[in-house]
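# Working through the structure, step by step
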Amino acid sequence: MLLIKKLRLGLHLARGMVTAAVLFPFLSQAQKDRRIRAWSRKLLKLCGMHLEVEQRSPVPEGGVMLLCNHVSWIDIFALNAWQPVRFVAKAEIRHWPLVGWLCVQTRTIFLQRERRADARRIMHYLSECLRDGDIITVFPEGTTTDGRSLLPFHANLLQAPVSTGKPVQPMCLFYTDAASGRHTVAPAYIGETSLIESIDMILKAPPMTVRLSIGEPQYPQQGQHRREFTLGAQQAVGAALQGFLPEAVLPESGSVGSRTSTLGDEEDDAAQPVRA
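Residues numbered from 1 in each chain as written. Predicted model: local features only at pLDDT ≥ 70, side-chain atom pairs only at ≥ 80, totals over all residues. Heavy atoms only, no water.

Counted only if it meets this: UniProt positions are given in the numbering used here, feature names are shortened, and annotations may be inferred rather than shown by experiment.
Within an unreviewed UniProt entry, the label attached to the chain reads Glycerol acyltransferase, and the organism entered is Pandoraea faecigallinarum. One UniProt comment on the chain, placed under Pathway (unreviewed entry), says "Lipid metabolism."

Here it is, written out as structure tokens:
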């Protein structure tokens, strides 16, 4: 049974590659987005997942940065099943078999975490994308968790909305067993788990529900520092996580990011690219 599921998933990934290679050059962005959404929904189905969305406010037009907690590589496809967006991801993903190529086709923004100059370049590029009206998703924890806690958000990528006056919108993903409604760690892509091991864990698990909570947009105030702005978004995501799981562990009050930065003390809270 597991082998059949993996074959179906592999065929779906291959179908996505063919679609992106053959059709995407001739499609408008709206047409691409429709195909990305449908393809992502099918991928979730093949992985035994169903998406439920609770959206308190529409996504603002004219450019917005979505901030979401991070559990797994499949987070990307769960969000694209809701609404196709651009992601900021670590540069290594570009070289993943199949998935990396698909990320390139969906305009993922790749960041080299070890290069100080690249982090600065990305911040300027994100500002341009927001001014152009893009919807950009960032996983500001900088790494994955098992879904039962929230790590302090790294603040430096939020310099882009602070500089441009564009909003951020907090979101929270939470994975549950479909039958019991209880939290499941099956999708968690953490520690030394390999991508293949993570896929196996998901395909072996009972049916799951992906719950997505979308909060109210938050706009930077005149003169507001990015750390203060980040804290407000972090608290909103934490509140949503505790709405799903009251015992979820949140960062200490006022805790944002880290000063162990590749940008140096003058530009703290270096971007920690997402694991998936």
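Structure's up, so let's keep going.
## So, the overall build of the chain
Selection rule: Going along the chain from the N terminus, every DSSP run of H or I of four or more residues is numbered as a helix, and every run of E of two or more is numbered as a strand. Every radius of gyration here is taken over C-alpha atoms, with the globule rule written as 2.2 Å times N^0.38, N being the number of residues. For each residue, the accessible area found with a 1.4 Å probe, counting protein chains only, is set against the maximum for its type, and the residue is called buried under 20%, exposed over 50%, and partly exposed in between. Residues are treated as being in contact if the distance between any of their heavy atoms lies within 4.5 Å.
Looking only at helices and strands, the chain has eight helices and seven strands in total. For the chain, whose C-alpha radius of gyration is 18 Å, the value lies close to the compact-globule estimate of 19 Å for 276 residues. The dimensions of the chain, computed from C-alpha atoms along their principal axes, are 55 × 45 × 35 Å. A buried classification covers 53% of the 276 residues belonging to the chain. Sequence separation of at least 24 residues holds for 77% of the intrachain contacts in the chain that already meet a minimum separation of 6.

## Some details on the side chain of Ser-198
When you line up the elements, Ser-198 lands in helix α7 (residues 195–204). Residue classification places Ser-198 among the buried residues on the basis of a relative accessible area of 0%. If we ignore the near neighbours within four places in the chain, the residues touching Ser-198 are Ser-72, Trp-73, Pro-187, Tyr-189 and Thr-193.

## Comments concerning unusual backbone geometry
Phi at Arg-107 takes a positive value of approximately 65°, unusual for a residue other than glycine. In this fold, Arg-107 is placed in the loop between α4 (99–105) and β4 (109–111).

## Regarding a nonpolar patch on the surface
To be explicit about the condition: Patches here are clusters of residues that have more than 30% relative accessible area and form no salt bridge, with a 9 Å joining cutoff for like charges and a 5 Å cutoff for nonpolar side chains (Val, Leu, Ile, Met, Phe, Trp, Tyr). Each accessible area is a Shrake-Rupley result for a 1.4 Å probe, and residues are judged covered by the shown protein chains and nothing else. Any Lys or Arg side-chain nitrogen located within 4 Å of an Asp or Glu carboxyl oxygen qualifies as a salt bridge.
Together, Val-18, Val-22 and Leu-23 line one region of the surface with nonpolar side chains, adding up to about 250 Å² of accessible area. Residue position: Val-18 is located in helix α1 (residues 2–22).

## Describing the pairing of strand β7 (residues 208–214)
Here is the rule we go by: Here a strand pair is declared whenever DSSP counts at least two bridges between the two strands.
β7 sits mainly inside the fold: six of its seven residues count as buried. Bridge count for strand β6 (residues 168–177) against β7 is seven bridges, and the pairing is antiparallel. Bridging from a neighbouring strand, Met-171 pairs with Ile-214 of β7.

## Regarding the pairing of β6
Counting buried residues in β6 gives ten out of ten residues, a clear majority hidden from the surface. Both faces of β6 are covered, namely the face carrying Val-168, Pro-170, Cys-172, Phe-174 and Thr-176 and the face carrying Gln-169, Met-171, Leu-173, Tyr-175 and Asp-177. Across four bridges, strand β2 (residues 64–68) lies against β6 in parallel orientation. Opposite Leu-66, over in β6, you have Gln-169 as the bridge partner.

## Observations concerning the sheet that holds strand β5 (residues 135–138)
The line we're drawing: An axis is simply a line fitted to the C-alpha atoms; with a helix, the fit covers only the stretch in contact. Between two such axes, the angle follows the N-to-C directions and lies from 0 to 180 degrees.
Overall, mixed pairing links the seven strands, which are arranged β1-β7-β6-β2-β5-β3-β4 in an open sheet. Two strands lie at the open edges of the sheet, namely β1 (49–55) and β4, each paired on one side alone. Averaged over all pairs of adjacent strands, the angle between strand axes in this sheet comes to 25°, irrespective of strand direction. Strand direction decides the pairing type here: β2 and β5, joined by four bridges, are parallel.

## Let's talk about the pattern of salt bridges
A side chain of one charge can pair with a side chain of the opposite charge if their charged atoms are brought near each other. Following the criterion strictly, the structure yields four salt bridges and no others. In this structure, Glu-54 engages Arg-56 in a salt bridge whose closest nitrogen and oxygen atoms are separated by 3.3 Å. Among the residues examined, Arg-56 registers a relative accessible area of 47% and is labelled partly exposed. Between Asp-134 and Arg-86 there is a salt bridge, with its nearest N and O atoms 3.0 Å apart. With Asp-134 in the loop between α5 (116–131) and β5 and Arg-86 in strand β3 (residues 86–90), this pair connects stretches of sequence that are 48 residues apart.

## Side note on the environment of Gly-133
With respect to the secondary-structure elements, Gly-133 resides in the loop between α5 and β5. Sequence-wise, Gly-133 and Thr-106 are 27 residues apart; in three dimensions their C-alpha atoms are separated by 16 Å. Residues in contact with Gly-133, not counting those within four places in the same chain, are Gly-62 and Gly-63.

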